[in-house]
Amino acid sequence: MAEAWDFLRTDKMPHIWCPGCGHGVMMNALLRTMAKLDVNKDDICVVSGIGCASRLPGYLDFNTLHTTHGRALAFATGIKLANPRLKVIVVSGDGDATAIGGNHLIHAARRNMDITLICMNNNIYGMTNGQYSPMTPTSMLATTAPYGNLERNFDLCKLVEGCGANYVARATAAHPRNISQYIEYALTHKGFQFVEVMTQCPTYYGRRNKLGGPVEMINSLKQNTILNTAAAKLPPEKLEGKIQIGEFVKKEELTYLDRFDAMVDRITGGVKP
Amino acid sequence: MSPEKKGQMPVEINQKWCKACGLCYALCPKKVLEGDEWGKAFVAHPEDCIKCQTCEIMCPDLAVKVVALRKATKEDE
Ligand SMILES: Cc1ncc(C[n+]2csc(CCOP(=O)(O)OP(=O)(O)O)c2C)c(N)n1
Ligand code: SF4
Ligand code: SF4
Ligand code: SF4
Ligand SMILES: [Mg+2]
């Protein structure tokens, strides 16, 4: 049976991430899913933008592409349309996907583009030393918010749901088995498949906000989390400050490629060129 | 009888990749793993391991491997 390490570029290890970085836990879970599905390496293309999270494809033994900040989904869309047989996966950070790349995220989800997006949300710009991102909660500290963040963050899964994605799920680095389960679903279904993974950045977010080291941060991720099916039975005041995990959307609506193929059939009368 | 060869550890730690984050030994339910003077993981109480794989799946550095669950064979003796 295939193992996680079979899909790792071991010559690139150890990776650059800090001790206890949640992105590593996510990569571990992703590799495990690849091993479980026993994928053919040549059938997969993993694309990223810029950031600590976006370094991930460099460690994976698939077709990989490291692009520009925020634009991974645009590159991935091109790859998918040029070679629809490839399973295209984008990995991004919260800054990459929701700040500079927010526009691409909205439209890839709206098109129900046949891409899996895994967003590693550590509530901060890790790579550039800890500026706040659209995912930094109000009042939290960042290098650009020394007196506390004035802005509000938002529920990223709800945004992607509103844009029309076929699949929307959230897990945390404290729930690696859920990460693997959701990625497995995403990789075996069509249309825009979105998995948000809350990760810890002990170095910038954790240290500045005095949240402790990796162990303390993982423990608070565990404690502050509730499964969406359990949350549905609780009044809103009981859910304040809680991270909801689970599968929020599971649809099988027509995808961009379904529409594209139908259009080609309509124009050509089904005659293959 | 334990399925491992005599003296074989139930968990292998890749010391070259371990960054001493402490996650594996903090989360091990049986306290099989401990940190050395540098905080790097090592197998302190192999006999207590229940092979739950928590250490392996929590390691951000892919440095932990639980030796595959398998039946003892003649060659192992
Ligand atoms: C066009 C452009 N603007 C800004 C940057 C600087 N920059 C690099 S990474 C980054 C943010 C990364 O944050 P995130 O996507 O959350 O990833 P993390 O490092 O937290 O994993 C920024 C602003 C850049 N590389 N390119
Ligand atoms: S700065 Fe934060 S996100 Fe980047 S590698 Fe270090 S812990 Fe991970
Ligand atoms: S989880 Fe991995 S990196 Fe962290 S101490 Fe254990 S073996 Fe080392
Ligand atoms: S497999 Fe479970 S019991 Fe054994 S060392 Fe790892 S975490 Fe501890
Ligand atoms: Mg980030």
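The structure displayed is predicted, hence computed values, not measured ones. (Residues numbered from 1 in each chain as written. Chains lettered and ligands numbered in written order. Predicted model: local features only at pLDDT ≥ 70, side-chain atom pairs only at ≥ 80, totals over all residues. Heavy atoms only, no water.)

Caption draft 1: Representation of the pairing of strand β1 (residues 44-48) of chain A in the model. Residue and element names in this part refer to chain A. Of all five residues making up β1, five are buried, and the element is well covered by its neighbours. What you see with β1 is no split at all: I44, V46 and S48 on one side and C45 and V47 on the other are buried throughout. Bridging between β1 and strand β2 (residues 63-66) involves four bridges; their strand directions are parallel. Residue V47 lies in a different strand from β2, and its bridge partner there is L65. (Buried < 20%, exposed > 50% of the residue type's maximum accessible area, 1.4 Å probe, protein only. Helix = DSSP H or I, 4+ residues; strand = E, 2+ residues; numbered from the N terminus. Pairing = 2+ DSSP bridges.)

Caption draft 2: Local environment of the confidence of the model for chain B. On average, residues of chain B score 87 in pLDDT, and 79% of them reach the 70 mark or higher. We note a pTM of 0.96 for the whole complex and an ipTM of 0.95 for its interfaces. (pLDDT = per-residue confidence, 0-100.)

Caption draft 3: The coordination of the magnesium ion (ligand 5), seen in detail. Protein-derived ligands of the magnesium ion (ligand 5) are D94 of chain A (OD), N122 of chain A (OD1) and I124 of chain A (O), with the metal-ligand distances lying across 2.0 to 2.1 Å. Between consecutive donor residues of the magnesium ion (ligand 5), the sequence gaps follow D-x27-N-x1-I. (Donors = N, O, S within 2.8 Å, 3.2 Å for Na, K, Ca; no water.)

Caption draft 4: Inspection of the site of ligand 1 at higher detail. All names here are of chain A. Close contacts around ligand 1 come from 17 residues, with H23, C52, D94, D96 and G126 the closest. With respect to ligand 1, the side chain of D94 contributes an N or O atom lying 2.7 Å from an oxygen atom. In this structure, an oxygen atom belonging to ligand 1 sits 2.9 Å away from a main-chain N or O atom of M127. Taken by itself ligand 1 offers 590 Å² of open surface, and the protein chains cover 73% of this. Among the elements that take part in the shell around ligand 1, helix α3 (residues 94-100) stands out by supplying four residues, more than any other. In terms of residue class, the shell around ligand 1 is made up of seven nonpolar, eight polar and two charged. (Near = heavy atom within 4 Å. Polar contact = N/O pair within 3.5 Å; in protein donor to acceptor, adjacent residues only side chain to side chain. Areas by Shrake-Rupley, 256 points an atom, 1.4 Å probe, with all protein chains shown as cover. Nonpolar A, V, L, I, M, F, W, Y, C, P; charged D, E, K, R; others polar.)

Caption draft 5: Layout of the side chain of N166 of chain A. Residues and elements named next belong to chain A. Of note, N166 is situated in the loop between α5 (156-163) and β5 (167-172). The exposure class of N166 is buried, given its relative accessible area of 2%. Once you skip the residues sitting within four places of it in the chain, N166 turns out to touch N112, K190, G191, F192, Q193, V249, K250, K251, E252, E253 and T255. (Contact = heavy atoms within 4.5 Å.)

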